Amino acid sequence: MKRGAEMELCLLRHGIAADLAEDGVMRDADRPLTKEGWERMREEARGMRRLGLKFDYIFTSPCRRTLETTQAVAEEFEFDDKRIISLDSLAAGRPFMQGLNRKADVFVEMGAYDFERALAVGHMPDVSEMVSVLLAGGGGVNVEFKKGALCAIEISALPPRAPGVLLWALTPKQLRLIARS
């Protein structure tokens with residue numbers, strides 16, 4: 001890794017999900033990917049594979065739409081289920097930036113695993129806030145993630161002890177174009 005960093009963390013926002021109350025879904029955590037969401041995530045996962053990405057682990061929110069996003073990626077990569085880790089600290093609706101302890105929870109949990117490159121699948125605004133913590137050590141960096149957007153950040157440790165380096169960021173459309181090329 002560049003600059004002596006030991007790992008790379010890729011952050012992915014879940015795919016297009018059904019609206020609340022659609023098809024009788026009453027809890028936000030139960031919202032599934034739509035048919036379009038599944039199709040696009042599968043194509044975006046093909047783009048990720050075409051880029052030559054490999055992951056030691058996939059960390060995911062336990063919400064249905066992120067689990068299904070993870071499934072689309074895992075199927076494309078023929079990924080071992082034992083390396084898919086569901087973390088409550090990645091769940092939607094958990095205030096990521098509410099106090100130092102919460103900021104550290106997700107990173108402490110991921111840091112318990114030894115990896116060179118991992119994928120974290122989550123929600124907005126949490127994914128953006130994670131980028132801010134990884135790059136600037138706290139709030140202040142505003143990164144908008146469309147559904148299915150992906151970025152990679154080089155870091156030296158989890159929880160972060162020094163600012164990371166943004167390696168690249170791709171929109172969902174760019175990932176789909178890569179898949180088709």
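*Asks:* Residue-level account of helix H4 (residues 126–136), with values.
*Replies:* With respect to burial, H4 is a largely interior element, eight of its eleven residues being buried. If you check which residues of H4 are buried, you get Asp126, Val127, Ser128, Met130, Val131, Ser132, Val133 and Leu134. Remark: Gly137 follows H4 within two positions and exhibits a positive phi of approximately 80 degrees.

*Asks:* If you had to explain helix H1 (residues 35–50) to someone new, which residues and values would you point to?
*Replies:* Along its 16 residues, H1 runs 23 Å from first to last C-alpha, staying within 8% of the 22 Å computed at 1.5 Å per residue. Every buried residue of H1 is accounted for by Gly37, Trp38, Met41, Glu43, Glu44, Ala45, Gly47 and Met48. Residues of H1 that are buried sit in contact with strand E1 (7–13), helix H2 (64–77), strand E4 (117–122), strand E5 (150–155) and helix H5 (172–180).

*Asks:* Can you explain the packing of aromatic side chains? Please cite residues and give values.
*Replies:* Tallying each qualifying case throughout the model produces five aromatic pairs. Each member of the aromatic cluster is reached from another via a ring pair, and the members are Tyr57, Phe59, Tyr113 and Phe115. Lying over the aromatic face of Phe79, Arg83 brings its terminal NZ or CZ to 4.0 Å of the ring centre.

*Asks:* Outline the environment of Cys151, supporting the account with residue identities and numerical values.
*Replies:* Looking at where Cys151 falls in the secondary structure, it is placed in strand E5. The sequence separation of Cys151 and Trp168 amounts to 17 residues, and the corresponding C-alpha distance is 5.6 Å. Those residues within four positions of Cys151 in sequence are excluded, and the remaining contacts are Leu9, Cys10, Leu11, Val131, Phe145, Leu166, Trp168 and Ala169.

Cut-offs and rules
Residues numbered from 1 in each chain as written. Predicted model: local features only at pLDDT ≥ 70, side-chain atom pairs only at ≥ 80, totals over all residues. Heavy atoms only, no water. Buried < 20%, exposed > 50% of the residue type's maximum accessible area, 1.4 Å probe, protein only. Helix = DSSP H or I, 4+ residues; strand = E, 2+ residues; numbered from the N terminus. Expected span 1.5 Å × (residues − 1). Contact = heavy atoms within 4.5 Å. Phe/Tyr/Trp six-rings, centres within 6.5 Å; stacked < 30°, edge-to-face > 60°. Lys NZ or Arg CZ within 6 Å of the ring centre and 35° of its normal.

Just geometry here; none of it tells us what the structure is for.
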